[in-house]
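Here is what each chain is made of, one letter per residue.
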Amino acid sequence: MSVSDWNEAAGELNAIVASFDEGEVSVDDLFTKLERATAIIESLEERLALTKAKVDELTPRIARVIDDE
Amino acid sequence: MVLNTDVDQPILEVGEFYQLLTAHLEAGFGRRRPHWVRGEIAKVYEKGHVYVDLVDAGTASSDTKRPVLNAHCWATPWAPLKRRLAAEGVTLKAGMVVSFYGYVDVYAPQGKIGFSITEIDVEGLLGDVARRRQELIARLAAEGLLDVNKRLGLSAVPLRVGLVASPGTEGYNDFTGQLLNSAFSFAITLVKTVVQGDAAPRQIAAALAALDEYGVDVICVVRGGGSKGDLVCFDDEQVARAIASSSTPVFTGIGHTGDESVADLVAHTRAITPTKLGEEVVALVARWYETNVQAPAQRILEASDDVVEEATAYLAERRRTMIFAVRDRLRGEERHLASTRQRLVIQSGHLLASATQMLASNRQLLAAYDPARRLAQGWSVVTDSKGAVVKSLADIASGDDVRVLVSDGTFGARVGETKESE
């Protein structure tokens, strides 16, 4: 699953968690919903890891600006 | 025409006349006896020796009858006097009121009666210089010129620096060293000038005007430490007015701590030394850089970290929540199934017990009808030759062979007479 919009995906994930919290998930739906939630989490994590990597790459460059005197 | 002459007086040759004159003068003033004479310099000329025309202070040059004293100082006494004056930043100029110490001197070859200077009242001259300086400051203040350059706005990033200095001097090196060793790319536009001596004020003023015209963010006038005499050009009115009329902020870094020139007073910003001035210009850019580049970069970095941390925490929490939610849901189902299973087991047990009990009861009932028990009581069962139980006389006839079942076995028999029950 690709996540085009973080907030949209997070919203769907939150809805799935809420449905669990409220006990709305039937056994038949459980696997489907868990599978979907897992896919969203993995996709978001993958996206976050990419973002982290980019941040890590840029941080020293920004830090150089900060350290320059 | 009658000449009123004293016939007793001899006629003197010119030389004799000067000898007599000299004798009279020496009788009156004393031979080489020094006197103090004060006056205003009307004219000064130096060529090894120095020649000064001294007049009464305040008299107009148009007054053709004003007395003039032709004073001179020979090269030998002049050299140390000149050094002292230079050290204090004093140059003999027309208009100065000065006291000379010396003696009457008759120089017959040129027919001059003059005054040979042996000493100058330097303290008095300094007072005069100081007074002139104060008068200049007062004039500039009255014209509002002391603050005019200070009111100019500074460029946010003064990287284009106009420099009025003498290359290779300590002041120049100190100032440019600060800029070139900084982290910033200053563009320095230098206009070379001498920074001491009579030519300095004109050159400095011209350099200020040229840089103002050229267009820079700030003009820096730089000169390292020196004697008061070295720095006197920065008290010059020409320099002060050039700074005041500049449309570019002028910074000064002149001399060393304690020196304050008129140029410093008129300038936008004054540093106590060229080094300090360099530091100050670098600091201006550094402050801008810090505010407009470093601080935003820091905020971006922190905000970026915050977003990543927040997103990481969010996903970790969602992951945990999902795991727990699914586990809870599955446990719930497991508990439900286990409970159902348990109920089924219990119910089955009950049913089984009940059935067992029923069976036992039935077995008991059936036991009452057990043929063996009847046989043991002496009852017997008769079957015909085909094995069928003889239940009625109609099932047999006399002479038929039958078989009789008793409690412990069978035996054969033959039907005799038959007789119906009554």
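Residues numbered from 1 in each chain as written. Chains lettered and ligands numbered in written order. Predicted model: local features only at pLDDT ≥ 70, side-chain atom pairs only at ≥ 80, totals over all residues.

1. Details of the overall build of chain A
Then, number 1: Helices and strands together make up the secondary structure of chain A, namely two helices and zero strands.
Then, number 2: Burial analysis of chain A (69 residues in total) assigns 12% to the buried set. (Helix = DSSP H or I, 4+ residues; strand = E, 2+ residues; numbered from the N terminus. Buried ≥ 20, exposed ≤ 12 C-beta atoms within 10 Å, placed from the backbone.)

2. Considerations on the overall build of chain B
Then, number 1: Broken down by element type, chain B carries 10 helices and 13 strands.
Then, number 2: Split into buried and exposed, the 422 residues of chain B put 22% on the buried side.
Then, number 3: Partitioning the contacts of chain B with sequence separation of at least 6, the portion at a separation of at least 24 is 64%. (Contact = placed C-beta atoms within 7 Å.)

3. A word on the interface of chain B and chain A
Then, number 1: The interface of chain B with chain A comprises 21 residues on the first partner and 23 residues on the second.
Then, number 2: Class assignment for the residues of the side of chain B that touches chain A results in 12 nonpolar, five polar and four charged. (Nonpolar A, V, L, I, M, F, W, Y, C, P; charged D, E, K, R; others polar.)

4. What about the sheet that holds strand S5 (residues 112-120) of chain B?
All names here are of chain B.
Then, number 1: A barrel is described by the order of its strands in space; here five strands give the closed sequence S1-S2-S3-S5-S4, paired in mixed fashion. For this sheet the average axis-to-axis angle between neighbouring strands, irrespective of direction, equals 50°.
Then, number 2: Direction of pairing for strand S3 (residues 68-73) relative to S5: parallel, over a ladder of two bridges. Bridge assignment links His72 to a residue of S5, and that residue is Ser116.
Then, number 3: Across the sheet, helix H1 (residues 14-29) lies against strand S1 (35-47) and strand S4 (97-107), angled at about 140° from S4, the strand it touches most. (Pairing = 2+ DSSP bridges. Axes fitted to C-alpha atoms, helices over the stretch in contact; angles between N-to-C directions.)

5. Some points on unusual backbone geometry
Then, number 1: At Arg32 of chain B, a position not held by glycine, the phi torsion is positive, near 55°.
Then, number 2: Examined against the element boundaries, Arg32 of chain B turns out to sit in the loop between H1 and S1.

6. Remarks on the nonpolar core
Residue and element names in this part refer to chain B.
Then, number 1: Counting 43 residues, the largest nonpolar core has Val164, Leu208, Cys220, Ile243 and Ala263 as the members making the most contacts within it.
Then, number 2: Element by element, the count of residues in this core is highest for helix H5 (residues 200-214), at six residues.
Then, number 3: Beyond its immediate stretch of four places on either side in the chain, Ala263 contacts Val221, Phe234, Val239, Ala240, Ile243, Thr252 and Ile254.
Then, number 4: In this structure, Val52, Val90, Phe100 and Phe115 belong to the second largest nonpolar core, which totals 13 residues. (Core = buried A, V, L, I, M, F, W, Y, C linked by C-beta atoms within 7 Å.)

7. What to know about the pairing of S5 of chain B
It is a general feature of regular strands that their side chains alternate between the two faces of the sheet.
Residues and elements named next belong to chain B.
Then, number 1: Across eight bridges, the pairing between S4 and S5 is antiparallel. By the bridge assignment, Phe100 is partnered in S5 with Ile120.
Then, number 2: Turn length for the S4-S5 hairpin, with the two strands adjacent in sequence and antiparallel, is four residues, and the turn residue Gly111 shows positive phi of about 65°.

8. Re the sheet that holds strand S13 (residues 409-414) of chain B
Note: strands within a sheet are paired through backbone hydrogen bonds, in either parallel or antiparallel orientation.
Residues and elements named next belong to chain B.
Then, number 1: Spatially, the three strands line up as an open sheet ordered S11-S12-S13, and their pairing is antiparallel. Each end of this open sheet is capped by a strand with a single partner; those strands are strand S11 (381-383) and S13. The sheet shows a mean angle of 30° between the axes of neighbouring strands, taken without regard to direction.
Then, number 2: Across three bridges, S11 lies against strand S12 (residues 401-406) in antiparallel orientation. Bridge pairing in S12 links Val381 to Leu405.

9. What to know about the packing of helix H4 (residues 170-180) of chain B against helix H9 (residues 274-368) of chain B
Residue and element names in this part refer to chain B.
Then, number 1: As a packed pair, H4 and H9 sit with axes 8 Å apart at the nearest point and diverge in direction by 20°. With respect to H9, the axis of H4 lies roughly parallel. Seen from above, H4 lies across H9 with right-handed handedness. Two secondary-structure elements touch here, H4 through Gly171, Asp174, Phe175, Gly177, Gln178 and Leu179 and H9 through Pro274, Thr275, Leu277, Gly278, Glu279, Val281 and Val282.
Then, number 2: Of the residues that constitute the contact of H4 with H9, the class distribution is six nonpolar, five polar and two charged. (Parallel < 35°, antiparallel > 145°, perpendicular 65-115°, else oblique. Left-handed = near helix turned anticlockwise from the far one by under 90°.)

10. A short note on the packing of helix H1 (residues 6-21) of chain A against H9 of chain B
Then, number 1: Where H1 of chain A meets H9 of chain B, the axes come as close as 9 Å, and the angle between the chain directions of the two elements is 30°. For the element pair H1 of chain A and H9 of chain B, the recorded crossing hand is left-handed. When H1 of chain A is examined against H9 of chain B, the residues Leu13, Val17, Phe20 and Asp21 of chain A are found in contact with a partner set consisting of Arg318, Thr321, Met322, Ala325 and Arg329 of chain B.
Then, number 2: Of the residues belonging to the contact of H1 of chain A with H9 of chain B, the class tally is five nonpolar, one polar and three charged.

11. Concerning H4 of chain B
Since the α-helix packs 3.6 residues into each turn, any two residues three or four apart lie on the same face.
Then, number 1: Buried within H4 of chain B are the following residues: Gly171, Tyr172, Asp174, Phe175, Thr176, Gln178 and Leu179 of chain B.
Then, number 2: On the buried face of H4 of chain B, the contacting elements are strand S6 (160-165), strand S7 (187-192), strand S8 (218-223), strand S9 (250-254) and H9 of chain B.

12. Comments concerning H5 of chain B
Then, number 1: With 15 residues, H5 of chain B extends 21 Å from end C-alpha to end C-alpha; this agrees with the ideal 21 Å at 1.5 Å per step.
Then, number 2: Next to the buried residues of H5 of chain B lie S6, S7, S8, helix H7 (237-244) and S9 of chain B. (Expected span 1.5 Å × (residues − 1).)

13. Here's the deal with the confidence of the model for chain B
Then, number 1: Per-residue pLDDT for chain B has a mean of 88; in total, 98% of the residues score no lower than 70.
Then, number 2: For this predicted complex, the interface confidence score (ipTM) comes to 0.77, while the overall pTM stands at 0.59. (pLDDT = per-residue confidence, 0-100.)

14. A few points about the environment of Gly114 of chain B
Then, number 1: For Gly114 of chain B, the position within the fold is in strand S5.
Then, number 2: As a C-alpha pair, Gly114 of chain B and Leu69 of chain B span 45 residues in sequence and 6.3 Å in three-dimensional space.

15. Here we look at the pairing of S13 of chain B
Residue and element names in this part refer to chain B.
Then, number 1: Burial analysis of S13 places just zero of its six residues in the buried class, a small minority of the element.
Then, number 2: Direction of pairing for S12 relative to S13: antiparallel, over a ladder of six bridges. For Arg403, the partnering residue across the bridge sits in S13 and is Gly412.
Then, number 3: Between the antiparallel neighbours S12 and S13 lie two residues.

16. So, the environment of Thr248 of chain B
Residue and element names in this part refer to chain B.
Then, number 1: Its location among the elements puts Thr248 in the loop between H7 and S9.
Then, number 2: Here the alpha-carbon distance between Thr248 and Val216, two residues 32 residues apart in the chain, equals 7.3 Å.
Then, number 3: With residues up to four places along the chain from it excluded, the contact list for Thr248 reads Gly162, Leu211, Asp212, Val216, Val218 and Ile219.

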